[in-house]
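Okay, here's what each chain looks like letter by letter:
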Amino acid sequence: NVFELEKRVGKRGQELVELVQSLEDGDSDLDKIEVGGKYVVHTNAQNTSILTAGSKFEFPIHGGEEEWLPYLAFGRILNSEFTFQGHTRAKLPFNDFGDGSFEVAGIVHWTHSPWPRNAFPGLEVLAEFPFDRGNGPNRSDFAEVSIIPQVRFGLTKGGHVALNMGVQIPVNERDRFDYVAQMNLLWDFADGPFWKGW
């Protein structure tokens with residue numbers, strides 16, 4: 001479980017704190033803390049696009065390696081029914097950047113209705129490229145690729161509270177996992193309290 005708090009700083013900045021909780025055999029524990037921020041580098045009102053640069057630092061609570069996660073994020077309204085979001089991100093362990101990886105992701109959402117309280121399907125593609133892939137005939141694929149079909153449900157009249165549900169399915173290297181179920185509860189608290197507009 002991840003609890004994420006984001007707060008605007010000025011017109012272009014945003015700071016964030018993430019608390020990561022792990023669950024195993026009925027026991028829960030606070031596992032990691034992530035802190036960081038992001039800044040809007042460029043916007044274009046004519047083609048409805050935005051580019052953001054960000055950085056996070058991950059600190060394990062019960063041992064493990066700290067990581068630095070710099071990234072670029074991009075978004076664009078493609079037309080009246082489709083939007084695109086994507087990012088590139090590096091995962092760099094403090095002890096040795098060579099043990100890290102590079103990640104690329106993109107998602108298209110079908111925004112078929114102006115009514116916020118609706119279901120908006122999307123399809124995400126995620127590819128991770130570990131810097132150290134090994135050698136020899138049994139080395140793994142160049143990238144670990146997954147697809148994530150998902151649906152965003154607007155829960156309030158204004159859409160400031162929403163639920164996003166999806167399933168991450170590996171395309172290659174299927175021994176990594178069978179699938180990962182994902183669920184995100186989103187609350188844009190700047191647009192009102194959680195109980196507003198149900």
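Residues numbered from 1 in each chain as written. Predicted model: local features only at pLDDT ≥ 70, side-chain atom pairs only at ≥ 80, totals over all residues. Heavy atoms only, no water.

> Before we go on, may I ask you to explain the pairing of strand β10 (residues 161-170) in this structure?
Remark: a regular strand shows side chains that alternate across the two faces of the sheet. Burial of β10 is extensive: 7 of the 10 residues sit out of reach of the surface. In the sheet, strand β9 (residues 144-154) pairs with β10 via 7 bridges, with the strands oriented antiparallel. Following the sheet pairing, Gln150 is matched in β10 by Gly166. The loop that links β9 with its antiparallel partner β10 comprises 6 residues; one of these, Gly159, has a positive phi angle of about 80°. Taken together, the 8 bridges between β10 and strand β11 (residues 180-187) define a ladder with antiparallel strand orientation. Paired with Val161 across the two strands is Trp187, which belongs to β11. (Buried < 20%, exposed > 50% of the residue type's maximum accessible area, 1.4 Å probe, protein only. Helix = DSSP H or I, 4+ residues; strand = E, 2+ residues; numbered from the N terminus. Pairing = 2+ DSSP bridges.)

> Would you mind showing me how to read the pattern of salt bridges here?
Any two side chains of opposite charge can pair, given that their charged atoms come close. In this structure the tally under the stated criterion is 6 salt bridges. With a closest N to O distance of 3.4 Å, Glu58 and Lys32 form a salt bridge. With Glu58 in strand β4 (residues 49-60) and Lys32 in strand β3 (residues 27-44), this residue pair connects regions lying 26 residues apart in the sequence. Glu58 sits in the buried class, given a relative accessible area of 8%. Across the salt bridge formed by Arg89 and Glu103, the nearest N and O atoms sit 3.2 Å from each other. Of the two residues, Arg89 sits in strand β6 (residues 82-93) while Glu103 sits in strand β7 (residues 101-110), which places them 14 residues apart along the sequence. Salt bridges sharing partners connect three or more residues here, namely Arg89, Lys91, Glu103 and Glu128. (Salt bridge = Lys/Arg side-chain N within 4 Å of Asp/Glu carboxyl O.)

> How do you make sense of the pairing of β7 when you look at a structure like this?
Bridge count between β6 and β7: 10 bridges; the pairing is antiparallel. When the bridges of β7 are listed, Gly86 appears paired with Gly106. Relative to strand β8 (residues 119-130), β7 runs antiparallel, the two sharing 9 bridges. Counterpart to Glu103 in the pairing with β8 is Glu128.

> What should I look at first to understand the sheet that holds β7 in this one?
Pairing between the strands of a sheet comes from backbone hydrogen bonds, and it takes one of two forms, parallel or antiparallel. Strand order in the open sheet formed by 11 strands is β1-β2-β3-β4-β5-β6-β7-β8-β9-β10-β11, and the pairing between neighbours is antiparallel. Strands at the two margins of the open sheet, each flanked by one partner only, are β1 (2-9) and β11. Direction aside, neighbouring strands of the sheet carry axes that sit 20° apart on average. (Axes fitted to C-alpha atoms, helices over the stretch in contact; angles between N-to-C directions.)

> Any chance you could explain the side chain of Ser113 here in plain terms?
The residue Ser113 is located in the loop between β7 and β8 in this model. Polar side-chain contacts of Ser113 include one of 3.1 Å to the backbone nitrogen of Trp115. Other than its neighbours up to four places away in sequence, Ser113 contacts Asn118 and Phe120. (Polar contact = N/O pair within 3.5 Å; in protein donor to acceptor, adjacent residues only side chain to side chain. Contact = heavy atoms within 4.5 Å.)

Read these as geometric descriptors, not functional statements.
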